[in-house]
Amino acid sequence: MTRRVRVLAAAALAASLAGAAPERAGQADRIFVGGRVWTGETGRPLVEALAVRGTTVLAVGPNADIRKLSGKGTDVVDLRGRLVVPGFIDGHLHLLGGSLSLEELRLDDAETFAVLAQRVKDWAAAHPDAHWVNGEGWTYAAFPDGLPSRLQLDALVPGRPAFLVSYDGHTGWANSMALRLASVTRDTADPPGGVVVRDAKGEPTGVLKENAMDLVGRLVPKLLPHEKERALRKGIAQVAAWGLTSVHQAGIGEEDLELLSRTLDAVPRLRVYVALDMEREPTADVLARQDELRRRFASDRLRVGAVKGYVDGVVEARTAAMFEPYVGGGTGLPSWTQEELDRAVAAYDKAGWQVALHAIGDRGIDMALTAFERGARANGTTGRRHRVEHLEVPRTADLPRFKAAGVIASTQAMFPYPNRNHLDVYVPTLGPERARRALAFKAIDDAGAVQPFGSDWPVFTAEVVRGIACAVTRTTVEGTPAGGWEPSQRLTVEAALRHFTRDAAFAEHAEAQKGTLAPGKLADLVVLSQDLLTIPPERIKDTKVLLTVLGGQDTWRAKDF
Ligand SMILES: [Zn+2]
């Protein structure tokens, strides 16, 4: 007996038990008919129609069967051939940072220095009262040497301190006034895990890598709670419009968690799975405090379940930890010794936490996997579903370790986006051998790993359709390079959908509740303007989200739907 027949039989039985009431038990509140439903379920991925009752999916199946579940008061949605998919789940983003990026000085897509300079000047002119000019999003490719200098920024912002952070959040660019206020001089020592970049004469150039960013960053005025909350409300509405029903917050402090909780109460349009900031020394006190948060935030709207730490940095700044030197030198900076990392991971593993580790270089990824393997062995634990975040440049031989150790491969669909930064800085910094195994999503799938897709918003947009387009075509929206960058790693649309739904649900231990569309699962779903599964890949990017439904309630509806 198929699942569909079972559900319908159960509905019929319930109806007969209720007598000949006009509102049959099992009647749907809403049905979606006349289109295609990609359920994400193995064995039954595509059906014609779907019924919702209350907060959950009542049934999926052929139009005729689903229509039988409608009655007086049932809302009938005629899909007219459009596609329904499970609500998208972003496996890695920064909700507050992303939300703030909607209002801040953003330098994304400023591919040349001229465009970037104009944007900084325009923002400064439009905000004469801002004490600081600070913003984010510049790419290394906008500078001839791959890195900016304070002199360039002095010319753009002469009268105020300015501090601009790179798109990946790992490198800061200060002007001379900001350096002066922070007392950063030729005599300033590099802080642990950071670099004050200097010119040939030993003077700071204005570039601050990794932990050195704090030298200036700590002076940038902090936003007030009401300013953050206003941004967060806007951000939640925005991600709902992108078709997201759940997101994984990659690291957060207690204060921002409280803010997030308050805001989600006021704007209940999203489910958030939270990784707290990982502590380097998870003492009994630290674990007790974090456990209290885990107990307090345990609803399907806001759930704390993981901690997130960093093993290394990023490729472009040559801070991701590599076995072999970068083109241009250096092997990166792991922020732990293996022993320190093993100890912290084992303590969290023992206390029942999922541990998510940012690891990008092949050496950093090996360190993270090793810590997970050793932690499980030492504690005799299984099924923690620890996660490596980004895993951009793994050794090919390390890929099977993900499946073997049950470690989640948390990647970001837009990371291989082949813009100038990617082709002119990222790829040459790695060199050809490593570039070929970088961001190899197909190889990760082929190794049997669970691979949730995220955006790392605000590093890249959290617009899921853009992420799917990138993973499937490996080109820019303009279609370059022809055929895609490293085309052997292109994914099918089904695989990309699975990574943004089912795999991401699994990565937060929630596959029983969401990630696919099946009877009894949460009615988290999206209606898309075109059928991703049949259109040519180059048209995916033009797909619109027409409707987003969270637990049966609309969180976004396009005007023309
Ligand atoms: Zn991140």
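You'll find the structure just up there.
Because the structure is a prediction, the values reported are computed rather than measured.

Turning to the packing of aromatic side chains, a few remarks are in order. Summed over the entire model, instances satisfying the criterion amount to 13 aromatic pairs. Pairing Y140 with Y167 gives two aromatic rings, centres 6.4 Å apart and planes at 75°, and the pair type is edge-to-face. Within this pair, whereas Y140 is found in the loop between strand 10 (133–138) and helix 5 (150–156), its partner Y167 is found in the loop between strand 11 (162–166) and strand 12 (171–174), the two being separated by 27 residues in sequence. Measuring from ring centre to ring centre gives 6.4 Å for Y348 and W353, while their planes differ by 90°; the resulting arrangement is edge-to-face. Residue Y348 is classed as buried on the basis of its relative accessible area of 0%. Residue W353 is classed as buried on the basis of its relative accessible area, which comes to 0%. Every member of this aromatic cluster is reached through a ring pair, and the members are F113, W138, Y140, F143, Y167, W173, F415 and F460. The ring of W353 carries R294 above its face, with NZ or CZ at 4.0 Å from the centroid.

With that settled, the discussion passes to the side chain of D312. By the secondary structure assignment, D312 is in the loop between strand 17 (302–310) and helix 11 (338–350). Nearest to the buried, unbridged D312 among oppositely charged side chains is R363, at 8.8 Å. Residues in contact with D312, not counting those within four places in the same chain, are H170, T319, A320, A321, L333, P334, S335, H358, A359, I360, G361 and G364.

Attention now moves to the nonpolar core. Ranked by internal contacts, the top residues of the largest apolar core, which has 124 residues, are F88, F402 and I468. Counting residues per element, this core draws most heavily on helix 17 (residues 464–473), at 7 residues. Dropping the residues within four chain positions of it, F88 is found in contact with W242, G243, L244, T245, S246, V464, I468, L497, F500, T501, V526 and L528. Listed in part, the 19 residues of the second largest apolar core include L50, L525, L547 and V549.

Turning to the environment of D122, a few remarks are in order. In this structure, D122 sits in helix 4 (residues 113–126). Residue classification places D122 among the partly exposed positions, given a relative accessible area of 44%. Considered as a pair, D122 and L105 are 17 residues apart in the sequence and their alpha carbons are 9.5 Å apart.

This model, assessed by the stated rule, comprises 37 salt bridges. Between R106 and D108 there is a salt bridge, with the nearest N and O atoms lying 2.7 Å from each other. A relative accessible area of 12% means that R106 is categorised as buried. In this structure, D366 and R401 form a salt bridge, with 2.7 Å as the shortest nitrogen-oxygen distance. Here the residue D366 occupies a position in helix 12 (residues 362–379), and R401 occupies one in helix 13 (residues 400–405), the gap between them amounting to 35 residues. With respect to burial, D366 and R401 carry one shared label: buried. Taken together, the salt bridges that share partners define one network made up of D366, E373, R395, D398 and R401.

How each quantity is defined
Residues numbered from 1 in each chain as written. Predicted model: local features only at pLDDT ≥ 70, side-chain atom pairs only at ≥ 80, totals over all residues. Heavy atoms only, no water. Phe/Tyr/Trp six-rings, centres within 6.5 Å; stacked < 30°, edge-to-face > 60°. Helix = DSSP H or I, 4+ residues; strand = E, 2+ residues; numbered from the N terminus. Buried < 20%, exposed > 50% of the residue type's maximum accessible area, 1.4 Å probe, protein only. Lys NZ or Arg CZ within 6 Å of the ring centre and 35° of its normal. Lys, Arg positive; Asp, Glu negative; His and termini not counted. Salt bridge = Lys/Arg side-chain N within 4 Å of Asp/Glu carboxyl O. Contact = heavy atoms within 4.5 Å. Core = buried A, V, L, I, M, F, W, Y, C linked by side-chain atoms within 4.5 Å.

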